[in-house]
Amino acid sequence: MINFTVGPVQSSENVRNIGYEQVPYFRTEEFSNVMKENENLMLKFSKAPNNSRAVFITGSGTASMEAVVMNCFTKEDKVLVVNGGSFGQRFSDLCDIFEIRHDDIKLEVGKSLKKEELYKYDNQGYTGLLVNVHETSTGVHYDIEMISDFCKKNDIFLVVDAISSFLADDFDMASLGVDIMITGSQKALACPPGISIIVLSPKAVSKVESNNVKSMYFDLKSALKNGERGQTPFTPAVGILRQINVRLKEIENNGGVDFEIKRINELAVDFRNKIKGMPFELVSESMSNAVTALHPTTASANDIFLILKDEYHIWVCPNGGKLKDEIFRVGHIGDLSIEDNSKLIAAFNDLIKRGIV
Ligand SMILES: *Cc1c(COP(=O)(O)O)cnc(C)c1O
C-alpha cells in the first residue's frame, strides 16, 4: 500500500515504533521535558516571534480551529473569512456558531485570492481575518504575504490555518506578522491523527488572557498556564505527543524545517512533471507543495480513486460532495519518495492502457 492522501499520511519507521510502545504515565518530569521540547521545536519551525507560545490540543485540526475562534474573538469583533472551499466554510460556520460577526470572501473552485478582491474590504473596521493558507479541498495556496500586508495595514488580528501547509510551504510567522498559526498531527507532521497545535504570538497570548471563554476543555488560558510546566490541563494523547517529539527531532536532525520543505517541494515538482501529457488538468491556479488537485478529463475522479485503491493498492485522496466525480488529489506529504511517485505514474499509465482514463 502507498498512501498519497492528505492525511493521515505515511509515518517514518521511528514514529511507528513509538506507536508500538506502552503509553507512559504523564504527570512526570520526563513527559514535561518532552512537551517543552515539542513547544520549542514548534516555535522554531513556524519561525514564531520571540515570546510566542505553542499549545497542544487533543483533538483533530478542527478542534484547534474552534478553540481559536472561541478564545480570540467576541461579539465586538468583525471578522473576514477567506472562503474558497470546505475548510474556509468551516471557519465561517464556526463564526456562525459563536455569533461572531463576519463577512466571507467567497472564491470559485481553484481560484486564488486577488489583491483587488481583498482590498474591497480595506479600511472597513475589520478586527480579524481567518484564512486556511492552503485550502486543501481544492489545493489552492493563497498569497499569504499579500494577506499579511493587508492585515498589517488595517491592524487586523491574523489567524492562519496552516494545517496542511506547515512543513510543506515556506512560512515565517514573525515576518508575516501572523498572530495565530494552527496545524495538526496527521498532515506533513506525519504522525497519527489526534493532536492539533496552536502557535500564539505574544499579541495572541494577551488576547487569550484578556478574554473570558465559556469552555472547560477549550480554555486556552488554562492550556497556556499548564504549558509553562510542560503539562496539559487534562490527559492528552500522550502516545501521539511522544511520536510528534520523535518526528520534530527527526526533521531537526535532517537539516531543519527548510530542508523538509525542500524535500516535499521536490516530490511535488517531480510528480507534476511526470503527469504532463496525461488526461488530468491542474485544478488550482496556485499550488501548495503539499497537494496536487487534479481534474480528470476522461473519467470520474471517484472511479479513479476506487480502482487505484482496490486494484493497485495505491491511495489517492478523493473529494466529497459536489466535487466527488470532478477532483481527486495527490498528496506529497508524509514518508514518500520519488520511487513512490513512479509507481503511481506506472498505475496511471496502466489505467490509460486499459482505457479506464
Ligand atoms: C486537514 C485540515 C483541517 C483539519 O481537519 P481535521 O479533520 O479536523 O483534522 C483543517 N484545515 C485544513 C486546511 C486542513 O487541511
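Structure shown above.
Residues numbered from 1 in each chain as written. Predicted model: local features only at pLDDT ≥ 70, side-chain atom pairs only at ≥ 80, totals over all residues. Heavy atoms only, no water.

What's the story with the site of the ligand in this structure? I'm lost.
Around the ligand, a shell composed of 13 residues is seen, among which Ser 60, Thr 62, Thr 136, Asp 161 and Lys 187 lie nearest. Within the contact set of the ligand, a nitrogen atom lies 2.6 Å away from a side-chain nitrogen or oxygen of Asp 161. Relative to its unbound accessible surface of 380 Å², the ligand loses 87% to contact with the protein. Counting only elements with at least two residues in the shell around the ligand, the list comes to α3 (61–72) and α4 (86–97). With three residues, the single largest contributor to the shell around the ligand is α3. (Near = heavy atom within 4 Å. Polar contact = N/O pair within 3.5 Å; in protein donor to acceptor, adjacent residues only side chain to side chain. Areas by Shrake-Rupley, 256 points an atom, 1.4 Å probe, with all protein chains shown as cover. Helix = DSSP H or I, 4+ residues; strand = E, 2+ residues; numbered from the N terminus.)

Can you help me understand the pattern of salt bridges in this one?
Counted by the stated rule, this structure contains 19 salt bridges. Close ionic contact of Glu 252 with Lys 44 constitutes a salt bridge, the shortest N to O distance being 2.5 Å. Highlighted residues: Glu 252 in helix α10 (residues 238–253) and Lys 44 in helix α2 (residues 29–45), separated in sequence by 208 residues. For Lys 274, the salt bridge identified is with Asp 270, shortest N-O distance 2.9 Å. One end of the pair is Lys 274 and the other is Asp 270, both in helix α11 (residues 257–274) and four residues apart, which spans about a single turn. For Lys 274, a relative accessible area of 28% corresponds to the partly exposed category. (Salt bridge = Lys/Arg side-chain N within 4 Å of Asp/Glu carboxyl O. Buried < 20%, exposed > 50% of the residue type's maximum accessible area, 1.4 Å probe, protein only.)

Is there a simple way to think about the nonpolar core in this case?
For soluble globular proteins, the rule of thumb is that nonpolar side chains tend to be buried together. Leu 129 and Ile 147 are the most contacted members of the largest nonpolar core, which totals 67 residues. Leaving out residues up to four positions away in the same chain, Ile 147 has contacts with Leu 113, Leu 118, Leu 129, Val 131, Tyr 142 and Leu 158. Of all hydrophobic cores here, the second largest spans 32 residues; its members include Phe 73, Cys 95, Ile 100 and Val 205. (Core = buried A, V, L, I, M, F, W, Y, C linked by side-chain atoms within 4.5 Å. Contact = heavy atoms within 4.5 Å.)

Just to check I follow, could you spell out the pairing of strand β8 (residues 157–161) for this structure?
Counted residue by residue, β8 has five buried out of five residues, so it is predominantly covered. Residues of β8 alternate between two faces, with Phe 157, Val 159 and Asp 161 on one and Leu 158 and Val 160 on the opposite face, all of them buried. Here strand β5 (residues 128–132) runs beside β8; their pairing, made up of five bridges, is parallel. Counterpart to Gly 128 in the pairing with β8 is Phe 157. (Pairing = 2+ DSSP bridges.)

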